[in-house]
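One-letter residues, chain by chain:
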Amino acid sequence: MNIQQINKDVERLERECWSTIIQQYFNALSSNQVKTKANAHDFQTIADVQSEAFLTAELQKLIPDSIVLGEEAQAAGTVSLDIFKQAKQDQHVWVIDPIDGTFNFVHAKDDFALMVSLVKNNETLGAWIFKPRSDDFIYANKGQGAFMNGQQTQVSKREALADLTGYSPILYSNQTPYKAHFQTAAQDVDGLDNLQCAGVHYMNMATGSADFYLANHSKPWDHLAGALILEEAGGVVTQWDGSPYKPMDNSVYLIAANSPKSHKALMDRFIHPVWR
């Protein structure tokens, strides 16, 4: 497998997917082209379904015998989150989020992205995120650094807790018991928000404009691509108990930070008081 050619091919496919499928629906969706899944804010659109079908077919052409885990296919029950266990030894698994940040897409906001990652033997080998409205493309290959619009990128140097800015859906969520604690702890950092798009969260962290991300889920299509990109840019991603995050870990909470020192400070302030 020529990973450099794969990088070019995945970028081409993500850009083609946007220009030929998704773009026509931006700010132009009719009510019958949008439905909800897990809750009233969890949207699926015709653009999600069509773009995932396109990427699934085209990505499998790049690597013979590869298989695909797509967000919409998993929601439909046609593929399982156990795909990494079911895959044969050395078999490649593509992971697709055709539109990460569908809530933003439905409301014609720019913070959405196409995300693809490549996994083998429970290790993420490659990651590609395209944010079409700003024409930003970031990618990483394991052990080779992260690149934003063709230039190598690195995380910020900020490490003092009071200087850190980041993201967490927990700040606004009633689905976890940690909302009140996070709202209090947020007063000790420079800023805490939620852009409702994991891909943009990770892109901003990998390029130094944000420093951390505290997540209350670990669905592979939302986190595998961004986690590899952030790590290759110099950051750290772990579960809340401090253990490594791997593709098979699909039901854990995650903490991503720009450095080990920031990670420890965030663990001490946000995580350890509620998670032991």
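What you see is a predicted model; the values in this text were computed from it and never measured. Per chain, the residues get numbers from 1 upward, laid out in the order the sequence is written. Totals for whole chains, interfaces and linings use every residue, but because this is a predicted model, local features are given only for residues with pLDDT of at least 70 and side-chain atom pairs only at 80 or more, for both listing and counting. Side-chain numbers here rest on the full set of heavy atoms in the structure, without hydrogens or water.

(A) Representation of the sheet that holds strand 10 (residues 165-167) within the structure. Any two strands with at least two DSSP bridges between them are considered paired. Numbered from the N terminus, helices here are DSSP runs of H or I no shorter than four residues, and strands are runs of E no shorter than two. Spatially, 11-10-12-14-13 is the arrangement adopted by the five strands of the open sheet, whose pairing is mixed. Only two strands of the sheet have a single partner each, and these edge strands are strand 11 (191-193) and strand 13 (236-239). Neighbour-to-neighbour, the strand axes of this sheet turn through a mean angle of 15°, independent of strand direction. Any two residues whose heavy atoms approach within 4.5 Å at even a single point are treated as in contact. Inter-axis angles, ranging from 0 to 180 degrees, are taken between N-to-C directions of lines fitted to C-alpha atoms, where helices are fitted over the stretch in contact. Sheet strands in contact with helix 8 (residues 220-232) are strand 12 (212-215), strand 13 and strand 14 (254-257), and its direction is about 135° off that of strand 13. Sheet contacts for helix 9 (residues 260-271): strand 11, strand 12, strand 13 and strand 14; angle to strand 14, the most-contacted strand, approximately 140°.

(B) Expanded view of the sheet that holds strand 3 (residues 67-70). The seven strands lie next to each other as 3-4-5-6-7-8-9, forming an open sheet whose pairing is mixed. In this open sheet, the two edge strands, each paired with only one partner strand, are strand 3 and strand 9 (151-153). Each adjacent strand pair in this sheet contributes to an overall mean axis angle of 20°, direction not counted. Where strand 8 (residues 146-148) and strand 9 come together, three bridges link them in antiparallel fashion. Of the residues in strand 9, the one forming a bridge with Phe147 is Gln152. Sitting on the sheet, helix 7 (residues 198-206) touches strand 4 (92-100), strand 5 (113-120), strand 6 (123-131), strand 7 (136-141), strand 8 and strand 9, and the angle it makes with strand 6 is about 100°. Strand contacts of helix 8: strand 3, strand 4, strand 5, strand 6, strand 7 and strand 8, with the helix running at about 100° to strand 6, the strand carrying the most contacts.

(C) Focus on the packing of helix 7 against helix 8. Relative orientation of the contacting elements helix 7 and helix 8 amounts to 5°, with a least axis distance of 9 Å. With respect to their mutual orientation, helix 7 and helix 8 come out roughly parallel. Within the contact between the two elements, helix 7 uses Ala198, Tyr202, Met205 and Ala206 and helix 8 uses Asp222, His223, Gly226, Ala227, Ile229 and Leu230. Amino acids are sorted into nonpolar (Ala, Val, Leu, Ile, Met, Phe, Trp, Tyr, Cys and Pro), charged (Asp, Glu, Lys and Arg) and polar (every other residue, Gly among them). By residue class, the composition of the contact of helix 7 with helix 8 is seven nonpolar, two polar and one charged. By definition in this entry, angles of less than 35 degrees are roughly parallel, angles greater than 145 are roughly antiparallel, angles of 65 to 115 are roughly perpendicular, and the rest are oblique.

(D) Examining the side chain of His92 more closely. Position of His92 among the secondary structure elements: in strand 4. If we ignore the near neighbours within four places in the chain, the residues touching His92 are Met1, Ile63, Ser66, Ile67, Leu118, Val119, Lys120 and Leu125.

(E) Representation of the environment of Met148 within the structure. Turning to its location among the elements, Met148 is positioned in strand 8. Excluding residues within four positions of it along the chain, Met148 makes contact with Asp136, Phe137, Ile138, Thr153, Met203 and Thr207.

(F) Representation of unusual backbone geometry within the structure. Even without a glycine there, the phi angle at Asp90 is positive, about 70°. Along the chain, Asp90 falls in the loop between helix 4 (83-86) and strand 4. Despite not being glycine, Gln196 has its phi angle at roughly 60°, a positive value. Relative to the assigned elements, Gln196 resides in the loop between strand 11 and helix 7.

(G) Up close: the environment of Val93. Its location among the elements puts Val93 in strand 4. Considering only alpha carbons, one finds Val93 and Gly126, 33 residues apart in sequence, at a separation of 11 Å. The residues contacting Val93, other than those within four sequence positions of it, are Ile67, Leu69, Ile83, Phe84, Ala87, Ser117, Leu118 and Val119.

(H) Spotlight on the pairing of strand 14. With a 1.4 Å probe rolled over the protein chains alone, any residue whose accessible area is under 20% of its type maximum counts as buried; one over 50% counts as exposed, and the rest are partly exposed. Side chains Leu254 and Ala256 project from strand 14 onto one buried face, and the interleaved Ile255 and Ala257 project onto a second face that is buried too. Of the pairings in the sheet, the one linking strand 12 to strand 14 comprises four bridges and is antiparallel in character. In the strand pairing of strand 14, Ala215 is matched with Leu254.

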